[in-house]
Number of protein chains: 2
Amino acid sequence: MIGILGGMGPLATADFFAKLIEETPAQCDEDHVPVLIQSDPRIPRRPPAILDGGESPLPALLASRDRLIAAGAVALAMPCNTAHYWHAQLAADCPVPFLSIVDASCDELSTMAPAGSRVGIISTHATAVGRVFDAALEARGYVAMLPSDDDVVTRILPAIALVKSGQAERAGRLLEPAIDALLARGAVGVVLACTETPIALDTIKSPLRARCVDTTRALARACVRFWIERNAIPVRTEPVEVPHATTFRSP
Amino acid sequence: MIGILGGMGPLATADFFAKLIEETPAQCDEDHVPVLIQSDPRIPRRPPAILDGGESPLPALLASRDRLIAAGAVALAMPCNTAHYWHAQLAADCPVPFLSIVDASCDELSTMAPAGSRVGIISTHATAVGRVFDAALEARGYVAMLPSDDDVVTRILPAIALVKSGQAERAGRLLEPAIDALLARGAVGVVLACTETPIALDTIKSPLRARCVDTTRALARACVRFWIERNAIPVRTEPVEVPHATTFRSP
């Protein structure tokens, strides 16, 4: 099983789970990736810990990590960009691979934006201040562009809060101009570096999605690849007949 | 945390998770129900065990149950109707409450169909043969109506298989006439007693959904009620201001 540290927030974790299923080349239940998903919204909030010296979520994340490993996880993933501020500490002495949403997203960016190009980052203020994406982007030769302070305050942070309170459509409308502004300033692609933001854009079927990397889907794809390679599962390509009709028996 | 025995199939588990979130009166992450979801598609298939003397999933379900309890689950739920064939054995010596999708669904039926009325059951053949719903329906005075053998073979079982292979729209179109037939025969309501079937009808936004009990949603609501009552969480009724704008600080 792959262990999932989730609940930051719950809807983003559910979105990750749905995308993991979508991205799996499965024809029946048995083809799917076994996962153990902890969705615990009681993990201390990440932004105050990064921005204001608030309670660190690291002890809770470490406990969750170890709980998932004890329960049988052979790898871990965490569908929350901001929480990747602590990824190095979570991965350091981890006895199983801890996949990174940052690395998975930068890998996908390479299909959209050549090295050396400018890429926009849509994220919580905490993810930007915590420089969660900076090292990985720089290592691949990208120049990160951040939204204006005004767009962060009036669009991005309220949109994230709206998704967390179940108002994804309003969130999508609020978010689109902030992405447009990054593209107008020369970004070749935009990383949706907060797992609430793809939900907002998906809900309104925004055409801007084609210019963006969905970090949630990137992590889901990385998990599927990990599982297939680890188990050397042959990927089915032939169509599978709908079963049951021939095995049906009357009671 | 509430432990979820899932993966039967994975998409139904993801649908349950999304409905659990939808049904929670939450304004922020912290209002949500903490869950630990095992989605393990390797649990032996339920229908062959009921119909053909195939390998029983009970040992795997007991191991999963105990794994979730060891990891901190204070209650359990299993979003799969067919697997409730083993619910009594799973609940018998269970040290925590094991909520039942059958009881939760029959509770919802009472708002749609008065005692004494006829209710249709859409399920796997195994759920019908295993008489998973019979005792609970009889205890509430309902008369169960099953689909015709022809509808089971040509519509319901293929529709379930289509959802499991990602073709929910085709599944919905295939399923609708089987539900219509039960209503035409005098059913006051129809229980969608297979967690793949609400997904199929939701996907095509079928108008028949209003005549049906969604067992997945019924179980999700039961979990939310359990969590709120257990923790005596006051349900928020006042609107919550979108946060962040006033606490934003420049880096």
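Here is what the cut-offs are and how they apply
Residues numbered from 1 in each chain as written. Chains lettered and ligands numbered in written order. Predicted model: local features only at pLDDT ≥ 70, side-chain atom pairs only at ≥ 80, totals over all residues. Heavy atoms only, no water. Salt bridge = Lys/Arg side-chain N within 4 Å of Asp/Glu carboxyl O. Helix = DSSP H or I, 4+ residues; strand = E, 2+ residues; numbered from the N terminus. Buried < 20%, exposed > 50% of the residue type's maximum accessible area, 1.4 Å probe, protein only. Contact = heavy atoms within 4.5 Å. Domains from an automatic or database assignment. Buried area = accessible area lost by both parts, 1.4 Å probe. Pairing = 2+ DSSP bridges. Phe/Tyr/Trp six-rings, centres within 6.5 Å; stacked < 30°, edge-to-face > 60°. Axes fitted to C-alpha atoms, helices over the stretch in contact; angles between N-to-C directions. Parallel < 35°, antiparallel > 145°, perpendicular 65-115°, else oblique. Left-handed = near helix turned anticlockwise from the far one by under 90°. Disulfide = S-S within 2.5 Å. Least-squares fit on C-alpha atoms with pLDDT ≥ 70 in both. Polar contact = N/O pair within 3.5 Å; in protein donor to acceptor, adjacent residues only side chain to side chain.

Section: the pattern of salt bridges
Under the counting rule described, the total for this entry stands at 38 salt bridges over all chains. Between Asp29 of chain A and Arg46 of chain B there is a salt bridge, with its nearest N and O atoms 3.7 Å apart. Taken as a pair, Asp29 of chain A in the loop between α1 (10-22) and β2 (35-39) and Arg46 of chain B in helix α2 (residues 46-51) lie in two separate chains rather than in one. The exposure class assigned to Asp29 of chain A is buried, which follows from its relative accessible area of 7%. Overall, the relative accessible area of 6% leaves Arg46 of chain B in the buried class. One salt bridge connects Asp107 of chain B with Arg140 of chain B, and the closest N-O pair in it is separated by 2.8 Å. With a gap of 33 residues between them, Asp107 of chain B in helix α5 (residues 101-109) and Arg140 of chain B in the loop between α7 (134-139) and β5 (143-145) connect regions that are remote in the sequence.

Re the environment of Ala49 of chain B
All names here are of chain B. Here Ala49 shows up in helix α2. Along the primary structure Ala49 and Ala126 are separated by 77 residues, whereas in three dimensions their C-alpha atoms are 8.7 Å apart. Contacts of Ala49, omitting those with residues within four sequence positions, involve Gly54, Glu55, Ser56, Pro57 and Trp86.

Comments concerning the domain arrangement of chain A
Residue and element names in this part refer to chain A. Its domain assignment divides chain A into domain 1 (2-100 + 216-231) and domain 2 (103-215). Using only C-alpha atoms to locate each centre, domain 1 and domain 2 end up separated by 20 Å. At the junction of the two partners, domain 1 supplies 22 residues and domain 2 supplies 24 residues. Roughly 1800 Å² of surface becomes buried between domain 1 and domain 2 when both sides are summed, with 53% attributable to carbon and sulfur atoms.

Considerations on the pairing of strand β6 (residues 189-192) of chain A
Residue and element names in this part refer to chain A. Here β6 shows two buried faces, one formed by Gly189 and Val191 and the other by Val190 and Leu192. Note: strand β4 (residues 118-122) against β6, 4 bridges, orientation parallel. Paired with Ile121 across the bridge in β6 is Val191. Where β6 lies against strand β7 (residues 212-214), 3 bridges are found, and the strand directions are parallel.

Focus: the packing of aromatic side chains
Inspection of every chain in the model, using the stated rule, returns 2 aromatic pairs over all chains. Residues Tyr85 of chain A and Trp86 of chain A carry aromatic rings whose centres are separated by 4.8 Å and whose planes lie at 80° to one another, so their mutual orientation is edge-to-face.

Quick notes on the packing of α1 of chain A against helix α11 (residues 215-231) of chain A
All names here are of chain A. At a minimum axis distance of 9 Å, the contact between α1 and α11 shows a crossing angle of 50°. As the angle between them shows, α1 and α11 are arranged oblique. Judged by the sense of rotation from one axis to the other, the crossing of α1 with α11 is right-handed. Where α1 abuts α11, its residues Ala12, Asp15, Phe16, Lys19, Leu20 and Glu22 lie against Thr216, Arg217, Leu219, Ala220, Cys223 and Val224.

Some words on unusual backbone geometry
Residues and elements named next belong to chain A. Between Met8 and the following residue, Gly9, the backbone shows a cis peptide bond with an omega angle of -5°. Of note, Gly9 is situated in the loop between β1 (2-6) and α1. Not every positive phi belongs to a glycine, and Arg131 is a case in point at roughly 50°. Position of Arg131 among the secondary structure elements: in the loop between α6 (125-129) and α7 (134-139). One non-glycine residue, Lys205, adopts positive backbone phi at about 45°. Within the element layout of this structure, Lys205 appears in the loop between α10 (196-203) and β7. On the basis of relative accessibility, which here comes to 71%, the residue Lys205 falls in the exposed class.

Concerning the state of the cysteines
Residue and element names in this part refer to chain A. One pass over the structure, following the stated rule, counts 0 disulfides over all chains. Here Cys106 stays unpaired: no disulfide links it, and the sulfur of Cys212, its closest cysteine neighbor, is 15 Å away. The structure places no disulfide on Cys212, whose sulfur is separated from the nearest cysteine sulfur, that of Cys194, by 13 Å. Judged by its relative accessible area of 7%, Cys212 falls in the buried class.

What about the relation of the copies chain B and chain A?
The second copy of the chain is related to the first by a rotation about an axis and a shift along the axis. At an RMSD of 0.0 Å, chain B and chain A line up after a rotation of 180° and a shift of 0.0 Å along the axis. What the superposition gives is, in effect, a two-fold axis relating one chain to the other. No C-alpha of chain B lies nearer the rotation axis than that of Ile37 of chain B, which sits 2.4 Å from it. A share of 98% of interface residues in chain B that are also interface residues in chain A marks the association as one of identical surfaces.

Observations regarding the interface of chain B and chain A
Many analyses report the size of an interface as the accessible area lost when the parts associate. In this complex, chain B contributes 53 residues to the contact, which on the side of chain A involves 52 residues. Between chain B and chain A, roughly 4400 Å² of surface is buried when both sides are summed, and carbon and sulfur atoms account for 66% of that area. Here chain B is connected to chain A by 4 salt bridges. At the surface where chain B touches chain A, the tally comes to 7 residue pairs in polar contact (both at pLDDT 80 or more). Among the elements of the structure, α1 (10-22), β2 (35-39), α2, α3 (58-70), α6 (125-129) and α8 (149-164) of chain B are those that each provide at least two residues to the side of chain B that touches chain A. Here β2 of chain A runs beside β2 of chain B; their pairing, made up of 5 bridges, is antiparallel. In the sheet register, Gln38 of chain A faces β2 of chain B, and the bridge partner there is Leu36 of chain B.

Describing the sheet that holds β7 of chain A
Residue and element names in this part refer to chain A. Taken in spatial order, the 4 strands line up as β5-β4-β6-β7 in an open sheet, and their pairing is parallel. Across the chains shown, the open sheet's two edge strands, defined by having one partner strand only, are β5 (143-145) and β7. For this sheet, the mean angle separating the axes of adjacent strands, direction not counted, is 30°. Bridging between β4 and β5 involves 3 bridges; their strand directions are parallel. Along β5, the bridge assignment pairs Val119 with Ala144. The sheet strands contacting α10 are β4, β6 and β7, and the helix crosses β6 at an angle near 115°.

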